[in-house]
Each structure stands twice: as structure tokens, then as C-alpha cells.
Amino acid sequence: MKKASILMILGSLCLLGLFQFPLWNIMLGAPQYPEPLGMNIHITGIQGVSEFDLQNIDGLNHYIGMKTIPKAGEMWEFDIFPIVIIAMVLLGVLLGILGFIGKIDYRFFLGWFLLMSILGIMGMYDFNLWLTDYGSNLDPHAIIKVVNEDGTPMSYKPPLFGYKKLLNFDVSSMPATGAWMMFIGMLLTVIAFFVGWRCKNSVSSEKKYKLVTP
């Protein structure tokens, strides 16, 4: 159980990487931009991949009526997400310590993983809602108006995951370093659950063997 508890603690601490590295990355490439424009989504705000990327993206968005990229204080998510991550790190470390001293069993580790998974799904759902609003809620007085074949305004929503063609831009949206650290941390907590389960079954088998052995 001690090995499982150490894995639980390490897995929880991996989430702290979200304060150092971006969670998600969106890149926009086009012939007129030899160096693609990009933005990194952190849990505390949005930053450009290069110094002037956000400024250039906002400039392009202005012509088609898209909103400017929100700053940290303009989205409640950037205030709540850091608190949620810190809370989950502290909870995970606490569960690991309690498991190490034998106060709880391995099932609590799986409970942490399930809770973190639910929070992650909710976060992705919220992120997709923001992308939809960002790419669809356009200024009707925009300088450039592009419509679909049926006459409806074109949506410029970036993909949640993967690749999409938007006019002459190739747009990709992928998990960044922070997301991979979070995934690895969550995987470690699942491994911790199975290590704890295996440890308990081994102990139970040894006890049964001793009871039946004359």
C-alpha cells in the first residue's frame, strides 16, 4: 500500500505543471504568415506563442467581426481553474499520506481519479462553449462578411481537437505540455489504485494460506 500511496502523491503533484506549462495550444497557419500564429491556453490566461501573436490574431479577427481574445480578468474560468487544481493536488496528496499510514485503502485513489475526470470533462465542455461563442458570435457590422452556401454566416470556431480549414487558414488545436502532465498524473493515480488492489489481494491470499496450512 505504501508504493500505491507514493504513486498517488506523485500523480497529484503532476497537476502543478499546469501552473508552469500551457494546457492547450491553437495554431493558425496561412501563406501570408511564414511563421504560424499561435496562442497557448493556460489555466490562468491566454498567451501568444510569439510576442505579437495575440495582437496579430486580434487584428485579423477584427475584420471578420470576432471578439478580441479575452484577458485573464475577463473570464471567470481563469479565476476558478487554479483554485480547482490546487484543491485537487492537496486532496490527492492528503489521500496519499492517509494511505501511506494505513488510514484509508486504495479505493479512495480511484475516487480521486473519477472526480478529476468529471472536472476535466466539465472543463473541456466549457472550453468548447467558449470556442463556439468565440467563432460564431460575430459583429453584424464587420468589415468582411463570409457566408455559407445556404446564406448563413460562416462560423470561425477553431476545432476543440485536431485540424480544421478556416478560409485560407490551417487551424490546429492540440493538448500542450500541461495537459500531458495532467494525463500522466491521472494515469499514475489509476496505477496507484491497481497497485493497492493487488497488494490487498496478496495480503488476503497469504492470510488464507496460513489459515489452511496445518
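So, here's what we can say about the structure. (Residues numbered from 1 in each chain as written. Predicted model: local features only at pLDDT ≥ 70, side-chain atom pairs only at ≥ 80, totals over all residues. Heavy atoms only, no water.)

### Overview of the overall build of the protein
A count of helical and extended segments in the protein gives five helices and five strands. Start at the N end of the protein and walk to the C end: the helices and strands fall as α-β-β-β-α-α-α-β-β-α. In summary, the protein has a C-alpha radius of gyration of 23 Å against a globular reference of 17 Å for 214 residues, an excess of more than 25%. Looking at the protein residue by residue over its 214 residues, the buried ones come to 38%. For the protein, contacts bridging at least 24 residues in sequence account for 65% of all contacts bridging at least 6. Looking at the protein as shown, the accessible area adds up to about 12,600 Å², and 68% of this sits on carbon and sulfur atoms. (Helix = DSSP H or I, 4+ residues; strand = E, 2+ residues; numbered from the N terminus. Rg over C-alpha atoms; globule rule 2.2 N^0.38 Å. Buried < 20%, exposed > 50% of the residue type's maximum accessible area, 1.4 Å probe, protein only. Contact = heavy atoms within 4.5 Å. Areas by Shrake-Rupley, 256 points an atom, 1.4 Å probe, with all protein chains shown as cover.)

### Remarks on the sheet that holds strand 4 (residues 162-166)
On the basis of which strands lie adjacent, the open sheet formed by five strands has the order 3-2-1-5-4 and antiparallel pairing. If you trace the sheet from one side to the other, it starts and ends with strand 3 (46-48) and strand 4, each paired once. Between one strand axis and the next, the sheet turns by 20 degrees as a mean value, whatever way the strands run. Across six bridges, strand 1 (residues 24-30) lies against strand 5 (residues 169-175) in antiparallel orientation. Of the residues in strand 5, the one forming a bridge with I26 is S173. Lying over the sheet, helix 4 (residues 107-136) contacts strand 1, strand 2 (33-41) and strand 3, oriented at roughly 30 degrees with respect to strand 1. (Pairing = 2+ DSSP bridges. Axes fitted to C-alpha atoms, helices over the stretch in contact; angles between N-to-C directions.)

### Section: the packing of aromatic side chains
Counted by the stated rule, this structure contains eight aromatic pairs. With a centroid separation of 6.2 Å and 35 degrees between ring planes, the pair formed by Y33 and F169 is classed as tilted. Remark: F169 occurs in strand 5 and Y33 occurs in strand 2; sequence separation between them is 136 residues. Residue classification places F169 among the buried residues on the basis of a relative accessible area of 11%. Measuring from centroid to centroid gives 5.5 Å for W180 and F183, while their planes differ by 80 degrees, and the two rings are edge-to-face. Pair noted here: W180 and F183 are both in helix 5 (residues 177-212), with a separation of three residues, about one helical turn. Note on W180: relative accessible area 49%, which makes it partly exposed. (Phe/Tyr/Trp six-rings, centres within 6.5 Å; stacked < 30°, edge-to-face > 60°.)

### A few points about the pattern of salt bridges
Taken as a whole and assessed by the stated rule, the structure comprises three salt bridges. Residues D105 and R107 are paired through a salt bridge, measuring 2.6 Å at the closest nitrogen-oxygen approach. (Salt bridge = Lys/Arg side-chain N within 4 Å of Asp/Glu carboxyl O.)

### Observations regarding helix 3 (residues 77-100)
Between its first and last C-alpha atoms helix 3 spans 34 Å; for 24 residues at 1.5 Å apiece the expected length is 34 Å, and the two agree. Three or more residues of helix 3 are buried, namely E77, F78, P82, I85, M88, V89, G92, V93, L95, G96 and G99. (Expected span 1.5 Å × (residues − 1).)

### Topic: the pairing of strand 1
Extensive coverage of strand 1 is indicated by the burial of six of its seven residues. The pairing of strand 1 with strand 2 spans six bridges and is antiparallel. Bridge assignment links W24 to a residue of strand 2, and that residue is I41. As consecutive antiparallel partners, strand 1 and strand 2 are separated by two residues.

### Concerning helix 2 (residues 53-64)
In a regular helix each residue adds 1.5 Å, so 12 residues correspond to 16 Å; helix 2 covers 17 Å between its end C-alpha atoms and thus fits that length. For helix 2, the complete set of buried residues consists of D53, I57, N61 and I64. Axial view of helix 2: buried residues confined to an arc of 60 degrees, hence all on one face. When the buried face of helix 2 is taken as reference, the exposed residues oriented beyond 90 degrees from it are Q55 and H62. Where helix 2 is buried, its residues touch strand 1, strand 2, strand 3 and helix 4. Just downstream of helix 2 lies G65, where phi reads positive at about 90 degrees. (Arc of directions from axis to C-beta.)

### Remarks on the nonpolar core
Within the largest apolar cluster, 23 residues are counted, with the highest numbers of intra-cluster contacts made by I26, I46, F127 and W130. Residues within four places of I46 in sequence aside, it is in contact with M39, N40, I41, L54, I69, P70, F78 and W130. (Core = buried A, V, L, I, M, F, W, Y, C linked by side-chain atoms within 4.5 Å.)

Function cannot be inferred from these measures alone, as they are strictly geometric.
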